[in-house]
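# A structural walkthrough
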Amino acid sequence: MPRRLQRHLQETSVHYDVAIINGGTNDLGRLHTPIEDIFNDLMKMHEMLHNFNTRTVIYTVPQTKVDKLCPPIVEKRNELNSKMREQCAGWGRMCAMAEVESLVPYGSTDKNGKSYYDYGGYHFSKTGYRRVAEVIFDVVKPILLREMPWLKPTS
């Protein structure tokens, strides 16, 4: 992924104000991949974007049904999310956290009882993706309003 992102950033004339990076979920399923490799690849992408003066949002790796079936994945996810939180804090205003893991936990539902996860428990349902979008929007909105004050509603 870092190579594709680098190529894209070099080839595009578009400037991105904010980029949301959702990564690591599938990598955790490959138990032989060291957590440091996953983390370093994700952080390389953030750094590339920061070099283009683009703020980034880290999307924590969510819980899934796999958690009950494979405890080593839970340990790896917790370690990865912890490392991402720590790195994000170190980047200050260039980075923000979207706490999908804690705000859309496995087994949770909306106020109407609709599950945030699909029937298999590995992916979000339509309701779950809507909730994830709300979590991310709550993080991105203040960044956009600070950077683009003309978006603020007038009274």
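Let me sum up the structure you'll find in this document. (Residues numbered from 1 in each chain as written. Predicted model: local features only at pLDDT ≥ 70, side-chain atom pairs only at ≥ 80, totals over all residues. Heavy atoms only, no water.)

## A closer look at the nonpolar core
Core analysis: the largest hydrophobic core is formed by 21 residues, its most contacted members being Leu42, Met43, Ile58, Leu80 and Met84. Elements with a contribution of two residues or more to this core: helix H1 (2-11), strand E1 (18-21), helix H3 (35-51), helix H5 (71-90) and strand E3 (95-98). For this core, the element with the most residues is H3, which contributes 8 residues. In this view, methionine 84 contacts Phe39, Leu42, Met43, Ile58, Tyr59, Thr60, Val61 and Met97; residues no more than four positions away in its chain are not counted. Ranked by size, the runner-up nonpolar core spans 15 residues in total, among them Val57, Tyr59, Ala96 and Ile143. (Core = buried A, V, L, I, M, F, W, Y, C linked by side-chain atoms within 4.5 Å. Buried < 20%, exposed > 50% of the residue type's maximum accessible area, 1.4 Å probe, protein only. Helix = DSSP H or I, 4+ residues; strand = E, 2+ residues; numbered from the N terminus. Contact = heavy atoms within 4.5 Å.)

## Remarks on the sheet that holds E1
Taken in spatial order, the 3 strands line up as E1-E2-E3 in an open sheet, and their pairing is parallel. The open sheet has two edge strands with one neighbour each: E1 and E3. Put simply, the sheet's adjacent strands are angled 25° from each other on average, direction ignored. In the sheet, E1 pairs with strand E2 (residues 55-59) via 4 bridges, with the strands oriented parallel. Note that in E2 the partner of isoleucine 21 across the bridge is isoleucine 58. Strand contacts of H5: E2 and E3, with the helix running at about 145° to E3, the strand carrying the most contacts. (Pairing = 2+ DSSP bridges. Axes fitted to C-alpha atoms, helices over the stretch in contact; angles between N-to-C directions.)

## A short note on the environment of glutamate 101
On the secondary structure map, glutamate 101 appears in helix H6 (residues 100-103). A residue is classified by how much of its surface remains accessible, and glutamate 101, at 9% relative accessible area, is buried. Beyond its immediate chain neighbours, meaning those up to four positions away, glutamate 101 contacts Thr60, Val61, Pro62, Gln63, Arg77, Asn78, Asn81 and Arg85. A distance of 3.0 Å separates a polar atom in the side chain of glutamate 101 from a polar atom in the side chain of asparagine 81. A distance of 2.9 Å separates the side chain of glutamate 101 from the side chain of arginine 85, its partner in a polar contact. (Polar contact = N/O pair within 3.5 Å; in protein donor to acceptor, adjacent residues only side chain to side chain.)

## Observations concerning the packing of aromatic side chains
Under the counting rule described, the total for this entry stands at 3 aromatic pairs. Taking the centre distance of 5.1 Å and the plane angle of 70° together, the rings of tyrosine 106 and tyrosine 117 count as edge-to-face. Residue tyrosine 106 is located in the loop between H6 and helix H7 (126-147), and its partner tyrosine 117 is located in the loop between H6 and H7; the two are separated by 11 residues in the primary sequence. Residue tyrosine 117 is classed as buried on the basis of its relative accessible area, which comes to 6%. Arranged with centres 5.4 Å apart and planes meeting at 75°, the rings of phenylalanine 124 and tyrosine 129 form a pair that is edge-to-face. Judged by its relative accessible area of 9%, phenylalanine 124 falls in the buried class. (Phe/Tyr/Trp six-rings, centres within 6.5 Å; stacked < 30°, edge-to-face > 60°.)

## Concerning the pattern of salt bridges
According to the stated counting rule, one finds 8 salt bridges in the structure shown. Lysine 83 serves as the salt-bridge partner of glutamate 36, at 2.7 Å between the closest nitrogen and oxygen. In this pair, glutamate 36 sits in helix H3 while lysine 83 sits in helix H5, placing the two residues 47 residues apart along the sequence. A residue is classified by how much of its surface remains accessible, and lysine 83, at 22% relative accessible area, is partly exposed. For arginine 85, the salt bridge identified is with glutamate 101, shortest N-O distance 2.9 Å. Placement of arginine 85 in helix H5 and of glutamate 101 in helix H6 is noted, with a sequence separation of 16 residues between them. (Salt bridge = Lys/Arg side-chain N within 4 Å of Asp/Glu carboxyl O.)

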